[in-house]
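Working through the structure, step by step
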Amino acid sequence: SRGLRTLVGGYVSISDYVLQNGRLFQSASLTPKEESYVRLLNVGRLKMKQCYPNAQQTFLFHTPVPGMNLKYIEGYATIGIFPVHHAWLSLNGKVVDLTWGPMDKRGHRKGRVLGVIPPGFEYYGLAIRRQEVSDFVLAHETWGPVIDDYACGYPMLRGRGRHGKIVKSKRK
């Protein structure tokens with residue numbers, strides 16, 4: 001793997017896994033139907049700095065609607081040059097970030113990223129299937145990063161996330 005020591009599953013890091021398996025998300029406006037669907041998700045009461053609970057709860061508990069392809073995404077989001085391991089949703093391929101958004105001059109959030117990605121923001125990540133998110137939450141009895149699941153031996157990096165049940169961890 002490019003002369004570097006591999007961590008697990010042939011990857012040198014979580015970032016390496018995301019770079020090899022993810023994609024860059026493009027800015028695109030939500031359609032009126034997509035905007036209505038996002039309102040139905042009732043995302044108004046979610047908290048900042050809680051990307052995993054916000055995205056995972058919304059993803060796992062939403063009611064599927066034909067034509068509204070909602071996916072849970074993990075990867076990296078940046079504001080400026082600082083990348084952060086982050087979770088968000090994708091609706092028909094468009095970013096729906098329930099946690100981050102543009103800030104005003106006083107540092108208060110002015111909104112969320114709903115389709116149109118503000119200047120200076122970037123999203124690079126990969127979709128994680130509903131069963132994998134559910135297995136993670138049940139195994140750990142909490143919300144958190146599915147890709148960076150060290151307690152269960154990084155099943156996504158090992159390729160087990162898509163094929164086998166995650167073993168219950170002792171992490172609390």
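Everything that follows concerns the structure shown earlier in this document.
First, a word on what this report is: a plain description of the structure on this page. Predicted, not measured: the structure shown is a model, and the values here were computed from it. (Residues numbered from 1 in each chain as written. Predicted model: local features only at pLDDT ≥ 70, side-chain atom pairs only at ≥ 80, totals over all residues. Heavy atoms only, no water.)

Some points on helix α3 (residues 51-61)
The cut-off we apply is this: Only protein chains enter the calculation, and the probe is 1.4 Å; a residue is then buried if its accessible area is under 20% of its type maximum, exposed if over 50%, and partly exposed in between. Under the scheme used here, helices are H or I runs from DSSP no shorter than 4 residues and strands are E runs no shorter than 2 residues, and both carry numbers assigned from the N terminus. Whether two residues touch is decided by their heavy atoms; if any such pair falls within 4.5 Å, the residues are in contact.
For α3, a buried count of nine out of eleven residues is recorded, marking the element as mostly surrounded by other parts of the structure. Taken together, the buried positions of α3 are Cys51, Tyr52, Pro53, Asn54, Ala55, Gln56, Thr58, Phe59 and Leu60. Of the surrounding secondary structure, the elements contacted by the buried residues of α3 are β2 (70-79), β3 (82-91), β6 (121-128) and α4 (130-140).

Notes on the packing of α3 against α4
Helix packing geometry: the angle between the two helix axes and the distance between the axes. Our working rule: Note on method: axes are straight lines fitted to C-alpha atoms, helices fitted across the in-contact stretch only, with angles between N-to-C directions ranging 0 to 180 degrees. By definition in this entry, angles of less than 35 degrees are roughly parallel, angles greater than 145 are roughly antiparallel, angles of 65 to 115 are roughly perpendicular, and the rest are oblique. Crossing handedness: left-handed means the near helix sits turned counterclockwise from the far one by under a right angle, and right-handed means the same turn made clockwise. The residue classification treats Ala, Val, Leu, Ile, Met, Phe, Trp, Tyr, Cys and Pro as nonpolar and Asp, Glu, Lys and Arg as charged. All others, Gly included, are polar.
Where α3 meets α4, the axes come as close as 10 Å, and the angle between the chain directions of the two elements is 120 degrees. As far as their axial angle goes, α4 and α3 are oblique. Seen along the crossing, α3 lies across α4 with a hand that is left-handed. The segment α3 lies against α4, with Gln56, Phe59 and Leu60 engaging Arg130, Val133, Ser134 and Val137. Per-class residue counts for the contact of α3 with α4 are four nonpolar, two polar and one charged.

Some words on the environment of Asn54
Structurally, Asn54 is set in helix α3. Overall, Asn54 belongs to the buried group, its relative accessible area being 4%. Sequence separation between Asn54 and Asp97 is 43 residues, and the spatial gap between their C-alpha atoms is 9.1 Å. Apart from the residues lying within four places of it in its own chain, the contact partners of Asn54 are Leu46, Lys47, Leu98 and Thr99.

Geometric descriptors of this kind do not, in isolation, establish any biological role.
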